[in-house]
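Here are the chains, one letter per residue:
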Amino acid sequence: MSHGHKTTIRGRKLRPESLMMTYAYKPELSEGALKCPIFQTSTFVFKSAEEGKAFFEIAYGLREQGPKEELGLIYSRLNNPDLEILEDRLCLWDEAGGAAVFESGMAAISTLALEYLRPGDVVMHSEPVYGGSEYFFRHILPRYGIKAVGFRGDLSEAELEKAARAAGRVAMVFVETPCNPTNVLVDIKACVRVAKRLSTKGRRVIVAVDNTFLGPLWQHPLKLGADFVLYSATKFIGGHSDLIAGVCLGGAADMKRVRTLRTFLGTLASPWTGWLLLRSLETLKLRMTCMMKNAQKVADFLAEHPKVEKVYYLGHLEEGTPQRKVYEEQCLAPGSMISFDLKGGEKQAFKFLNALELFSLAVSLGGTESLAEHPATMTHSDIPPKDQRRMGISPKMVRLSIGVENPEDLCADLAQALSRA
Ligand SMILES: *Cc1c(COP(=O)(O)O)cnc(C)c1O
């Protein structure tokens, strides 16, 4: 076994954060370079015509892959060393059998959906989901005869099953948890049980979880029985608000299917994006841990503030409630996303947002810098007000993504902006 693939020391299983600098990279293949170079090349040279033939046989599934045989490097829409090493490292966090990196989170979601959905199928999705996913489900999939049916995040298992059975031929349950921006949790294990009961011999109902908000540190849906985990790697995995990328993880056989469709849709990330993500992964745990601890302090500060009406934060879920029970079953930490309602309405919220000095006024999340935005008129503005209200989104709500700054500085900025709201 090569140095790059060692995951244990004398029987001790190494944690993902210990492996992010070296795993799956062989320096001897790159002139001994300590760091993986950027393989900025569109195509790869075969050693012989026979090798080229064998690589294509595997790539196009023309014959069974030998037990030791791997897909050779052919062309950078199929595979590339930066992406392959990145995929091997991403598998470690979620203990996945396979991974596929994409040029965006939306590319990961749409490629997975197109691989597993057929005309006449129904996708059941939690509500609200990311605006791009919602648009894809509502406006793009129907062109291919696929219907989308939403369900409220905190629906009980029995209610979800009833809704799914009434919806038609469900092929996929798509879950985003915690919900954005309300931090409502969807019970992943309950969704998996419902999908199992809806499955028939020869027709598996798959569960896909968009794990962007808590993963890959604080929530591991594959371990809870989900078939796929999806990420907008633009957020925490990239972590510096300087790239767009996506990831899909799942079982080895499933991921082979996803990667094959990725080849033909052409949604693979570029070597440069892959290299940036390799660099980001080295500090993933460090960043997410710091952001989570900072968020805890910020949420406590907001909860005590007289101008704040309500805080939506996973670390403040009341003991004994169904939501708290779900949290304890599936989350390892409360993450770093906080929403809160100010006393007043849009006017007060805007005054507050315009007064911030350390926080930046921007959408997106999961970067090193702290961001604030107004869901009702920004990220969720295409949802009709009546539906917004049903989802718990109101004009007095502000969403925060907490970064790695000094937490007291963050609270000081919030305090001065609140005093002007
Ligand atoms: C940002 C985001 C997406 C879309 O990802 P892109 O990288 O922007 O394509 C999907 N799901 C969630 C939860 C997101 O936050």
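Residues numbered from 1 in each chain as written. Predicted model: local features only at pLDDT ≥ 70, side-chain atom pairs only at ≥ 80, totals over all residues. Heavy atoms only, no water.

Comments concerning the domain arrangement of the chain
(1) Moving on: The domain boundaries assigned to the chain delineate domain 1 (76-274) and domain 2 (285-419).
(2) Moving on: Summarising the inter-unit geometry, the C-alpha centres of domain 1 and domain 2 are found 25 Å apart.
(3) Moving on: Across the contact, 32 residues belong to domain 1 and 38 residues belong to domain 2.
(4) Moving on: Roughly 3000 Å² is buried in total at the junction of domain 1 and domain 2, and carbon and sulfur atoms are behind 61% of that figure.
(5) Moving on: Linking domain 1 with domain 2 are 2 salt bridges.
(6) Moving on: Across the pair E329 and K189 runs a salt bridge, and its minimum N-O distance is 2.7 Å.
(7) Moving on: On inspection of domain 1 and its partner domain 2, the count reaches 14 residue pairs in polar contact (both at pLDDT 80 or more). (Domains from an automatic or database assignment. Contact = heavy atoms within 4.5 Å. Buried area = accessible area lost by both parts, 1.4 Å probe. Salt bridge = Lys/Arg side-chain N within 4 Å of Asp/Glu carboxyl O. Polar contact = N/O pair within 3.5 Å; in protein donor to acceptor, adjacent residues only side chain to side chain.)

Some details on the site of the ligand
(1) Moving on: Taken together, 14 residues surround the ligand, and among them M106, D210, S232, T234 and K235 come closest.
(2) Moving on: Between the ligand and M106 there is a distance of 2.9 Å, counted from an oxygen atom to a backbone nitrogen or oxygen.
(3) Moving on: In the complex, the protein chains occlude 94% of the 380 Å² of accessible area that the ligand would expose alone.
(4) Moving on: The element contributing the most residues to the shell around the ligand is helix α4 (residues 105-116), with 3 residues.
(5) Moving on: Partitioned by chemical class, the residues of the shell around the ligand number 6 nonpolar, 5 polar and 3 charged. (Near = heavy atom within 4 Å. Areas by Shrake-Rupley, 256 points an atom, 1.4 Å probe, with all protein chains shown as cover. Helix = DSSP H or I, 4+ residues; strand = E, 2+ residues; numbered from the N terminus. Nonpolar A, V, L, I, M, F, W, Y, C, P; charged D, E, K, R; others polar.)

Details of a nonpolar patch on the surface
(1) Moving on: On the surface, F56, Y60, L62 and F264 cluster together to form a nonpolar patch covering roughly 450 Å² of accessible area.
(2) Moving on: Relative to the elements of secondary structure, F56 occurs in helix α2 (residues 49-59). (Patch = residues over 30% accessible without salt bridge, like charges linked within 9 Å, V, L, I, M, F, W, Y side chains within 5 Å.)

Digging into the nonpolar core
What tends to happen in soluble globular proteins is that the nonpolar side chains get buried as a cluster.
(1) Moving on: If you look at the biggest cluster of nonpolar residues, it comprises 50 residues, and the most contacted ones within it are L86, L90, L249, L277 and L281.
(2) Moving on: Mapped onto this core, the elements with two or more residues apiece are α3 (81-94), β3 (98-102), β8 (228-232), β9 (246-250), α9 (271-281), α10 (284-304) and α11 (322-330).
(3) Moving on: Residue contributions to this core peak at 7 residues, all from α3.
(4) Moving on: Residue contributions to this core reach at least three from each of two domains, namely domain 1 (76-274) and domain 2 (285-419).
(5) Moving on: If we skip the residues at most four places from it in the chain, L90 touches V101, I237, V247, L249 and L281.
(6) Moving on: A100, A107, A113 and V123 belong to the second-largest nonpolar core, a separate cluster that totals 26 residues. (Core = buried A, V, L, I, M, F, W, Y, C linked by side-chain atoms within 4.5 Å. Buried < 20%, exposed > 50% of the residue type's maximum accessible area, 1.4 Å probe, protein only.)

Description of the pairing of β3
(1) Moving on: Within β3, 5 of the 5 residues are buried, leaving the element largely enclosed by the surrounding structure.
(2) Moving on: Alternating positions in β3 separate into two faces, G98, A100 and F102 on one and A99 and V101 on the other, with burial throughout.
(3) Moving on: Pairing analysis gives 5 bridges linking β3 to β9, with the strands arranged antiparallel. Paired with V101 across the strands is V247, a residue of β9. (Pairing = 2+ DSSP bridges.)

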